[in-house]
Amino acid sequence: MTVTIVGSQLGDEGKGALVDLWGGDADIVVRYQGGDNAGHTVVEDGEEYKLSLVPSGAVRDKVGVLGNGCVINPRTLFSEIDDLRERGLDPDVRLAKRAHVIMPYHRRLDNIEEEAKADSDLTVGTTGRGIGPTYEDKAGRRGIRVGDLLDPDVLRQRLEYVVPKKKALIEDVYGLEAGEECDVEALVEEYTEIGRRLREDDMAVNCGDFLAERREAGDNVMFEGAQGTLIDIDHGSYPYVTSSNPTAGGAATGTGVGPTVVGQGEVVGIVKSYLSRVGEGPMPTELKDDARDEELADFIREKGGEFGTVTGRPRRIGWLDMPMLRHAARVSGFTGIAVNHLDVLAGLDEVKVGHAYELEGDERLTMPATTERWGECEPVLKEFDTWPEVDWAAVAEEGYEAIPDAAQDYLEYLSDELDVPIYAVGVGPGREQTVHIENPFDD
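Residues numbered from 1 in each chain as written. Predicted model: local features only at pLDDT ≥ 70, side-chain atom pairs only at ≥ 80, totals over all residues. Heavy atoms only, no water.

1. Some words on the environment of Ala58
Operational definition: Secondary structure elements are taken from DSSP: a helix is a run of H or I of four residues or more, a strand is a run of E of two residues or more, and numbering for both begins at the N terminus. With a 1.4 Å probe rolled over the protein chains alone, any residue whose accessible area is under 20% of its type maximum counts as buried; one over 50% counts as exposed, and the rest are partly exposed.
Here Ala58 lies in the loop between strand E4 (47-51) and strand E5 (63-66). Given the relative accessible area of 2%, Ala58 is considered buried. With 134 residues separating them in the primary sequence, Ala58 and Thr192 have C-alpha atoms 26 Å apart.

Pasting the structure below:
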C-alpha cells in the first residue's frame, strides 16, 4: 500500500502532522523532492520537532528516505540527525545515490542572484538555501550527486570541472570575491569525509531498487511532498515557485517507483482552512485591502503560528481559495483531503471563502495558466456562518460529530466542491488534536 501526501496550496498546510499521524501504519516515509527549504513541525508527546530535511516519519521510528528528486545539504542533514539523537531518537535515514547535493557555492549564488533581482519584478523570495542553483546544475548536467561523494576520485573530477565556472560567475559576472565555497581542495576534503560517513552508516541506496524490495516484502510506503501545488515548477505560479514538483507526479519521478504504483494508492491533499504564503506572487484572496483586513490577518497569523519553520518569516494570510484547490485536486488526482487549522477560524466575526474568480467579467472556477492573468483575478467570496471557540481537545477525542455545525457545513462544502471525502480534520498542532475520520492505509 502507498499513500502520497501533497500540499494543496502554497505550502505550510501542516503536511508533517498528517505524515506523522498516518505514519504509524507506514514502514517507510519517503521525501520525493525539495531540500532543506521545506519546514515540517511535528509534535510528539508534547515535544516539538522542527525538521527541514529529515522525513517526518523519523520521529516515529520509521525508515526515512530522501529520494533522487531531492537536493540534499549534508551539513543540514547531519545536524538534524545529531540533534534528534541528542533528544533520544535514533533516526534511520537513507539517501538516494542519484539525489543531488547542495554545495556551498549553490547557497552563495542563491543569495547573490536573489539580491541582484531585488529591484525588479523577478524577486521570488527564496530561502537562500541553494535549492534553485542545485536544480539548475542538475538540469545542466554538472551537478554533484550523493553517489559521487562515495568515490573521492569522481568527486574531485566533478568539482574541478564545475567550481571554476562558479568562481567565474561570482567574480566576472557579479563582480564579487569568491571565498571558501570555491576552494576545490577544501570541498574535496569536507565532502569526502561526508561520503565516508554515508558509507560507514550504510545510508546511500539505489532508491528505486530499495523501495521495490521493501514493497515486495510487504512494507507500506508513504510519499511525502514538500511545499505545495502552487509552488510546483510546472503547475504553480511561475516564476514564484520552487525548482521541483511537489505534486503527486513527483512521487514517481522523485523516487524511482512507477506512476502506476503511486496511482494505485491513495493521494491525499492537505488543505489549510485558510490561505498562507511565504514569498512573492499573486494571492487573490489575501487579506490586505484595508485596516480591518490587516487586523484580521494579524490575528489569524498569530493564532495559527504563521511564521516560516525554516526562515521565521511572517506568512501572508488570505481566505481559502477554491479555484486553487480545484486546480490542485485535478493535477494530483486527490482521492481524499485532510483539513488543518479549523480551530484557527473559530470565534471570528466573519468566515469567507474565495469560491471563484472574476476575470474580465467572466466567472472562473479554476486558475488561469499564467501568473500574470492570475494576478488580475478578483475573488468571488462566499460567506459562511461562524462557529465559536470550543474545547478542541474534547472535539478531537469525541469525533467529527462534535465539530460545531457551522464548521461542519464549511468542511462539507470543501468535500462537495472537490468531490473527495475528508479523511481527517486538524484542530491543533499535536497528533492527538486531529479528528480521525478515515485512515488512507485502510483498504
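Alright, that's what it looks like, and here's the rest.
2. Describing the packing of helix H12 (residues 322-332) against helix H15 (residues 405-418)
Basically, it comes down to this: For helices, the fitted axis covers only the stretch in contact; all axes are lines through C-alpha atoms, and the angles between them, taken along N-to-C directions, range from 0 to 180 degrees. An angle below 35 degrees is treated as roughly parallel, one above 145 as roughly antiparallel, one from 65 to 115 as roughly perpendicular, and anything else as oblique. Each helix crossing is assigned a hand: it is left-handed if the near helix lies turned anticlockwise from the far helix by less than a right angle, otherwise right-handed if that turn is clockwise. Residue contacts are defined here by distance: any two heavy atoms, one from each residue, within 4.5 Å place the two residues in contact.
Contact geometry for H12 and H15: axes closest at 10 Å, N-to-C directions at 50°. What the angle tells us is that H12 and H15 run oblique. When you trace H12 past H15, the crossing you get is right-handed. Contacts from Met322, Leu325, Arg326 and Ala329 of H12 reach H15 at Tyr413, Leu414, Glu417 and Leu418.

3. Describing helix H3 (residues 104-116)
Heads up, the rule is: The span expected for a helix works out to 1.5 Å for each residue beyond the first.
With 13 residues, H3 extends 19 Å from end C-alpha to end C-alpha; this agrees with the ideal 18 Å at 1.5 Å per step. Taken together, the buried positions of H3 are Pro104, Tyr105, His106, Leu109, Asp110, Ile112, Glu113 and Glu114. Residues of H3 that are buried make contact with helix H2 (74-86), strand E8 (100-101), helix H4 (131-139), helix H6 (152-173) and helix H7 (184-200).

4. Description of the packing of H3 against H4
The test is simple: In this classification, the charged set is Asp, Glu, Lys and Arg, the nonpolar set is Ala, Val, Leu, Ile, Met, Phe, Trp, Tyr, Cys and Pro, and all remaining amino acids, among them Gly, are polar.
Two elements in contact, H3 and H4, have axes separated by 7 Å at closest approach and are oriented at 115°. Taken together, H3 and H4 sit at an angle that is classed as roughly perpendicular. For the pair H3 and H4, the crossing hand works out as right-handed. Residues Tyr105, His106, Leu109, Asp110 and Glu113 of H3 lie in contact with H4, whose contacting residues are Ile131, Pro133, Thr134, Glu136 and Asp137. For the contact of H3 with H4, a count of residues per class yields four nonpolar, two polar and four charged.

5. Structural notes on H4
Listed as buried for H4 are Ile131, Gly132, Pro133, Thr134, Tyr135 and Asp137. Where H4 is buried, its residues touch strand E6 (71-72), E8, H3 and H6. Following H4 by one or two positions, Arg141 has its phi on the positive side, about 60°.

6. Some words on the sheet that holds strand E1 (residues 2-7)
Stated formally: Here a strand pair is declared whenever DSSP counts at least two bridges between the two strands.
Reading across from one edge, E9-E7-E5-E2-E10-E1-E11-E15-E19-E20 is the order of the 10 strands in this open sheet, with mixed pairing throughout. Of all strands in the sheet, those with a lone pairing partner are strand E9 (204-205) and strand E20 (434-436), marking the two edges. In this structure, strand E19 (residues 422-426) lies alongside E20, joined through three bridges in antiparallel fashion. What sits directly across from Ala424, in E20, is His436.

7. Examining the side chain of Glu113
Checked against the element boundaries, Glu113 lands in helix H3. Contacts of Glu113, omitting those with residues within four sequence positions, involve Glu136, Leu169 and Tyr174.

8. Considerations on the nonpolar core
A general feature of soluble globular proteins is that nonpolar side chains tend to end up buried together. As a reminder, the rule being used: Here, the term nonpolar core denotes a set of buried Ala, Val, Leu, Ile, Met, Phe, Trp, Tyr and Cys residues that are joined through side-chain atoms within 4.5 Å.
Counting residues in hydrophobic clusters, the biggest one holds 103 residues, and the most contacted among them are Leu77, Leu159, Trp387 and Tyr410. Top element by residues in this core is H15. It accounts for seven residues. In contact with Leu159, other than residues within four places in its own chain, are Met103, Tyr105, Ile144, Pro164, Val184, Leu187 and Val188. If you look at the next biggest cluster of nonpolar residues, it comprises 15 residues, including Val3, Val19, Leu21 and Ala26.

9. Quick look at the packing of aromatic side chains
Test applied: Working definition: rings of Phe, Tyr and Trp (its six-membered ring) pair if their centres are within 6.5 Å, and the pair is stacked with planes under 30 degrees apart, edge-to-face with planes over 60 apart, and tilted otherwise. Geometrically, a charge over a ring is one whose NZ (Lys) or CZ (Arg) sits within 6 Å of the ring centre while staying within 35 degrees of the ring normal.
If you walk through the whole model with that rule in mind, you get three aromatic pairs. A connected cluster of aromatic rings, assembled from ring pairs, spans Phe384, Trp387, Tyr410 and Tyr413. Over the face of the ring belonging to Phe384 we find Lys382, whose NZ or CZ atom lies 5.4 Å from the ring centre.

10. Some words on the pairing of E4
Two elements, strand E3 (residues 40-44) and E4, share five bridges in a ladder whose sense is antiparallel. Note on E4: the bridge partner recorded for Glu44 is Glu47. The turn joining E3 and E4, which pair antiparallel and follow one another in sequence, is formed by two residues; a positive phi near 50° is taken by Asp45.

11. Quick look at the environment of Leu287
Here Leu287 is to be found in the loop between strand E12 (275-277) and helix H11 (291-304). For the pair Leu287 and Arg316, spaced 29 residues apart in sequence, the C-alpha to C-alpha distance is 8.1 Å.

12. Topic: a negative patch on the surface
Defined as follows: For patch detection, residues must exceed 30% relative accessible area and be free of salt bridges, and they are connected within 9 Å for like charges or within 5 Å for nonpolar side chains (Val, Leu, Ile, Met, Phe, Trp, Tyr). Note on areas: Shrake-Rupley with a 1.4 Å probe; residue coverage comes only from the protein chains shown. The working definition used for a salt bridge is a side-chain nitrogen of Lys or Arg within 4 Å of a carboxyl oxygen of Asp or Glu. Charged residues are defined narrowly, with Lys and Arg counted positive, Asp and Glu counted negative, and His plus the chain ends left uncounted. For charged residues, the charge sits on one atom: NZ in Lys, CZ in Arg, CG in Asp, CD in Glu.
Side chains of Glu383, Asp385, Glu401, Asp405, Asp409, Glu412, Asp416 and Asp419 sit close together on the surface and give a patch of like negative charge. Take the negative patch: its biggest share by element is four residues, from H15. Inspection of the secondary structure assignment puts Asp385 in the loop between strand E18 (378-384) and helix H14 (392-398).

13. Describing the side chain of Thr2
In this structure, Thr2 sits in strand E1. Sequence-distant contacts of Thr2, defined by excluding residues within four places in its chain, comprise Arg215, Val221, Phe223, Val261, Val262, Gly265 and Glu266.

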